[in-house]
Structure formats: C-alpha cells, structure tokens
Amino acid sequence: MTEDSRQADAPRTPVTFINIFEIAADQVDAFVARWEERAALMSAKPGFLDSRLHRARSSKTRYQLVNVSHWESQEAWEAATADGGFQERTRAAAEDPRTPVTSSPGIYDVAVEFSAVTPEARRSR
C-alpha cells in the first residue's frame, strides 16, 4: 500500500503528529519555553485534539524531546501548520543559535495497538 493510497483510503480520519527533537540536554528548558508558545497557538486551531511533549529522563538520550499530538484529520493539521504565525515561530526556533535543534516531524497512523490487560482478564487466563 502506498502513502497516497493510505491517505485516499482514510479521508478525514484522526492522525498522530510526532516530532522528535535532537537537542543538547542543557538547552531543553529554553526550547520547551518557546515550544509551549507554539503549542498554545496550535491548541486553538480547528481539529486539534491534544499534545504532549515528552522529555528524556537521561541527558544521554539522543532525542531529548518527543512531541506527540493528535488531530481530527491530516487536513486539519495541514491547515493549522499553514498558519503564518506558526510558521514564523517555527522558523525562528529552528534558526535560533542559542538552542540548536534538529527535528524530525511526521504524520502517523496507528499500526498496532495494545491496552493493559484488566485484572478480570488475567484471572480468566
């Protein structure tokens, strides 16, 4: 199945946006403060569901931050990210010499899902 056929098969279905950030551990706090501003802007956009920025527990972890956001559809995410204010803030963050960062963004669909086994289900095994 190609990327185009996956998109055609699932119009206006919820999507997950994941962006991993490679940044020096001592720069994370400054980056997070500015990320919160961009996230607040996005949270008011139509189709936004939620977002969580995850921070690595170890300063030795390659990707210090991982953003996971959920949107009602890819179209809603695309419209939100086309916002001039958001693009300007994102560009400024990427070009800020005080907090050099490399990001790897992408839109994802769930491939496999597991949930915790309930105590009742454990007893029946």
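Refer to the structure above for everything that follows.
Residues numbered from 1 in each chain as written. Predicted model: local features only at pLDDT ≥ 70, side-chain atom pairs only at ≥ 80, totals over all residues. Heavy atoms only, no water.

**Some thoughts on the pattern of salt bridges**
Counted by the stated rule, this structure contains seven salt bridges. Across the salt bridge formed by Arg-34 and Asp-96, the nearest N and O atoms sit 3.2 Å from each other. Here Arg-34, found in helix H2 (residues 28-43), pairs with Asp-96, found in the loop between helix H4 (84-95) and strand E4 (101-108); they are 62 residues apart in sequence, far enough to count as distant. Relative accessible area serves as the criterion here: at 22%, Arg-34 is assigned to the partly exposed category. Judged by relative accessible area, Asp-96 falls into the buried class, the value being 9%. (Salt bridge = Lys/Arg side-chain N within 4 Å of Asp/Glu carboxyl O. Helix = DSSP H or I, 4+ residues; strand = E, 2+ residues; numbered from the N terminus. Buried < 20%, exposed > 50% of the residue type's maximum accessible area, 1.4 Å probe, protein only.)

**Describing the packing of aromatic side chains**
Note on aromatic pairs: each is described by the distance of the centres and the angle between the planes. Under the criterion given, the structure shown has three aromatic pairs. Both rings, one in Phe-21 and one in Phe-31, keep their centres 5.0 Å apart while their planes meet at 55 degrees; by these two values the pair is tilted. Remark: Phe-31 occurs in helix H2 and Phe-21 occurs in strand E1 (residues 15-23); sequence separation between them is ten residues. For Phe-21, a relative accessible area of 5% gives the class buried. For Phe-31, a relative accessible area of 2% translates into the label buried. (Phe/Tyr/Trp six-rings, centres within 6.5 Å; stacked < 30°, edge-to-face > 60°.)

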